[in-house]
Amino acid sequence: NIIFILADDLGPWALGTSGNDDIITPNIDKLAEEGIKFDDFFCASPVCSPARASLMTGKIPSQHGVHDWVQDGEGIEEIEYLEGQVAYTDILTENGYRCGLSGKWHLGKSSKVQKSFDHFFAHKSGSGPYYNAPFYRNGEFEIAEGYVTDVITADAINFIKETDAMNKPFYLSVAYTAPHSPWINNHPQEYLDLYKNCKFESIPNDQRHPDAIYLTDMVEEDLHGNLSGYFAATTAMDANIGKIIDTLKELDIKKDTLIVFSSDNGFSCGQHGYWGKGNGTYPINMYDESVKVPFIVSHEGYTPKGYVSNELLSAYDFFPTILEYVGIDYELDDTYPGKSFASSLKNGETNQREYVFDE
């Protein structure tokens, strides 16, 4: 089985396993202790939708055609941006996997089940208020009552249990909207209270960036509140990841499951004097905080424990790696920029590159 947990706008610095003493992420930290943490993993774009499209297709944005985040609006969100393109879920399905999505899609037409997913519980937009969020469940619209991180987790756990009862291998994308904005008045008090007296010493007090856009102005009106919200959203996500791992243990399938944790793109909470990702400044920036993402892989009994890799990797490498790791022979032509690093997952060996992407 494969579970791919994808955060939304999570900076690579915002985890305990990354050396951040302020943030509380015990379950993600334990995944790193039990597996491999890649410290030099780069997204395909420092903006969500193109980054996600590259993960799905293994192609660069100029190939798959998604160049910016998919906006809401009449007609826009109903475009099926990846229509006619091959995703790794198409190949997994052809090879006997049951594929499920729980959470954020943000690649257009969430009302339609796409890319051979058998289960498609997709956020209508991709972000927004954390309570009572709009979703499409296999094409049927609903308002999902409750805190959206809990809602996504509950759906993911149901998929795991349902598929385990079928005795089929599964691929599950758990795509959280956390810790994407909004951060004020959007998160359970139990998590906000954890940061009530936090001094956020992990956040640098950098001078305002000259190219910072409106988000930075908004945040500075209540800096502690927004930092508390960002950190609380991350901790709530971590707690829910713990629930998913507990489910795997209860079903006795954790040893049969490859768990991957990452983010679509990075994020800055004041680093370099601005808030946001690549489009947190205009012109767009390419700081490490924007283009690097956390990438942790754990498979009990297979991946080396507590290994930290500095191998240069990117989102383009994800497509071929997943397929090779599970033993699917899929020939990549020269239109695919990525290379598999499946051998690194199995034995910790690294194939050093001079460049993360070499055309």
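Please read all numbers here as calculations on a predicted model, not as lab measurements.

1. Overview of a negative patch on the surface
Thought 1: Together, Asp329, Glu331, Asp333 and Asp334 line one region of the surface with negative charge.
Thought 2: By the element assignment, Asp334 lies in the loop between α10 (318-325) and α11 (342-347).

2. Considerations on helix α1 (residues 26-34)
Thought 1: Those residues of α1 that sit buried are Ile28, Asp29, Leu31 and Ala32. Taken down its axis, α1 places every buried residue within 155 degrees of arc, on the same side.

3. Description of the pattern of salt bridges
Opposite charge on two side chains permits pairing when their charged atoms draw close.
Thought 1: Here the structure, examined in full by the defined rule, presents 16 salt bridges.
Thought 2: With its nearest N and O atoms 3.1 Å apart, the salt bridge here joins Asp9 to Lys277. Here Asp9 is found in the loop between β1 (2-7) and α1, whereas its partner Lys277 is found in the loop between β11 (275-276) and α9 (288-291), with 268 residues between them in sequence. Exposure class is identical for Asp9 and Lys277. Each is buried.
Thought 3: Residue Asp264 is joined to Arg52 by a salt bridge in which the shortest nitrogen-to-oxygen separation is 3.1 Å. Taken together, the positions of Asp264 in the loop between β9 (258-263) and β10 (268-269) and Arg52 in helix α2 (residues 48-57) put the pair 212 residues apart, joining distant regions of the chain.

4. Focus: the nonpolar core
Thought 1: Residues Ile3, Val174, Tyr176, Tyr230, Phe231, Ile241 and Phe261 are the most contacted members of the largest nonpolar core, which totals 56 residues.
Thought 2: Broken down by element, the residue count for this core peaks at eleven residues, all from helix α8 (residues 223-250).

5. Thoughts on the sheet that holds strand β8 (residues 170-175)
The pairing of strands in a sheet happens through backbone hydrogen bonds and is either parallel or antiparallel.
Thought 1: Taken in spatial order, the ten strands of this open sheet run β7-β6-β5-β4-β8-β1-β9-β12-β2-β13, and their pairing is mixed. The sheet terminates laterally at β7 (140-147) and β13 (307-309), the two strands that pair on one side only. Averaged over all pairs of adjacent strands, the angle between their axes in this sheet comes to 20 degrees, without regard to strand direction.
Thought 2: Inspection of the sheet shows β1 paired to β9 by six bridges, in the parallel sense. The residue of β9 that forms the bridge with Ile2 is Leu258.
Thought 3: Contacting β2 (36-38), β9 and β12 (295-298), α1 runs over the sheet at an angle of about 65 degrees to β12.
Thought 4: Most of the contacts of α10 go to β9, to which it runs at about 170 degrees, and overall it touches β1, β9 and β12.

6. Side note on the packing of helix α5 (residues 148-166) against α8
Thought 1: Relative orientation of the contacting elements α5 and α8 amounts to 15 degrees, with a least axis distance of 10 Å. The angle between α5 and α8 places the two elements in the roughly parallel class. Our pair here, α5 against α8, has a crossing hand that is right-handed. Each of Thr149, Asp150, Thr153, Ala156, Ile157, Ile160 and Lys161 in α5 lies in contact with α8, whose residues at this interface are Ala236, Met237, Asn240, Lys243, Ile244, Thr247 and Leu248.
Thought 2: The residue makeup of the contact of α5 with α8, split by class, is seven nonpolar, four polar and three charged.

7. Looking at unusual backbone geometry
Thought 1: In this model, Ser181 is joined to Pro182 through a cis peptide bond whose omega is 5 degrees.
Thought 2: Backbone torsion omega between Tyr282 and Pro283 reads 5 degrees, so that peptide bond is classified as cis.
Thought 3: Tracing the chain through its elements places Pro283 in the loop between β11 and α9.
Thought 4: Even without being glycine, Asp9 reaches a positive phi, approximately 65 degrees.
Thought 5: Owing to a relative accessible area of 3%, Asp9 belongs among the buried residues under this scheme.

8. Comments concerning the pairing of β8
Thought 1: Across the six residues of β8, six count as buried, placing the element largely inside the fold.
Thought 2: A two-sided burial pattern is seen for β8, the buried positions comprising Phe170, Leu172 and Val174 on one face and Tyr171, Ser173 and Ala175 on the other.
Thought 3: Where β1 meets β8, five bridges bridge the pair, whose relative direction is parallel. Of the residues in β8, the one forming a bridge with Ile2 is Tyr171.
Thought 4: In this structure, strand β4 (residues 98-103) lies alongside β8, joined through six bridges in parallel fashion. Across the sheet, Cys99 pairs through a bridge with Tyr171, a residue of β8.

9. Some details on the packing of aromatic side chains
Thought 1: Going through the model one piece at a time under the given rule, you end up with 32 aromatic pairs.
Thought 2: Note on Phe319 and Tyr330: the rings are 6.0 Å apart at their centroids and 55 degrees apart in plane angle, and the pair reads as tilted. You can see Phe319 sitting in helix α10 and its partner Tyr330 sitting in the loop between α10 and α11, a full eleven residues away along the chain.
Thought 3: With a relative accessible area of 0%, Phe319 lands in the buried category.
Thought 4: Three or more aromatic residues joined by ring pairs make a cluster, and in this case those are Phe4, Phe38, Phe41, Tyr88, Tyr171, Phe295, Phe318, Phe319, Tyr330, Tyr336 and Phe341.

Calculation notes
- Residues numbered from 1 in each chain as written.
- Predicted model: local features only at pLDDT ≥ 70, side-chain atom pairs only at ≥ 80, totals over all residues.
- Heavy atoms only, no water.
- Patch = residues over 30% accessible without salt bridge, like charges linked within 9 Å, V, L, I, M, F, W, Y side chains within 5 Å.
- Areas by Shrake-Rupley, 256 points an atom, 1.4 Å probe, with all protein chains shown as cover.
- Salt bridge = Lys/Arg side-chain N within 4 Å of Asp/Glu carboxyl O.
- Lys, Arg positive; Asp, Glu negative; His and termini not counted.
- Charge placed at Lys NZ, Arg CZ, Asp CG, Glu CD.
- Helix = DSSP H or I, 4+ residues; strand = E, 2+ residues; numbered from the N terminus.
- Buried < 20%, exposed > 50% of the residue type's maximum accessible area, 1.4 Å probe, protein only.
- Arc of directions from axis to C-beta.
- Core = buried A, V, L, I, M, F, W, Y, C linked by side-chain atoms within 4.5 Å.
- Pairing = 2+ DSSP bridges.
- Axes fitted to C-alpha atoms, helices over the stretch in contact; angles between N-to-C directions.
- Contact = heavy atoms within 4.5 Å.
- Parallel < 35°, antiparallel > 145°, perpendicular 65-115°, else oblique.
- Left-handed = near helix turned anticlockwise from the far one by under 90°.
- Nonpolar A, V, L, I, M, F, W, Y, C, P; charged D, E, K, R; others polar.
- Phe/Tyr/Trp six-rings, centres within 6.5 Å; stacked < 30°, edge-to-face > 60°.

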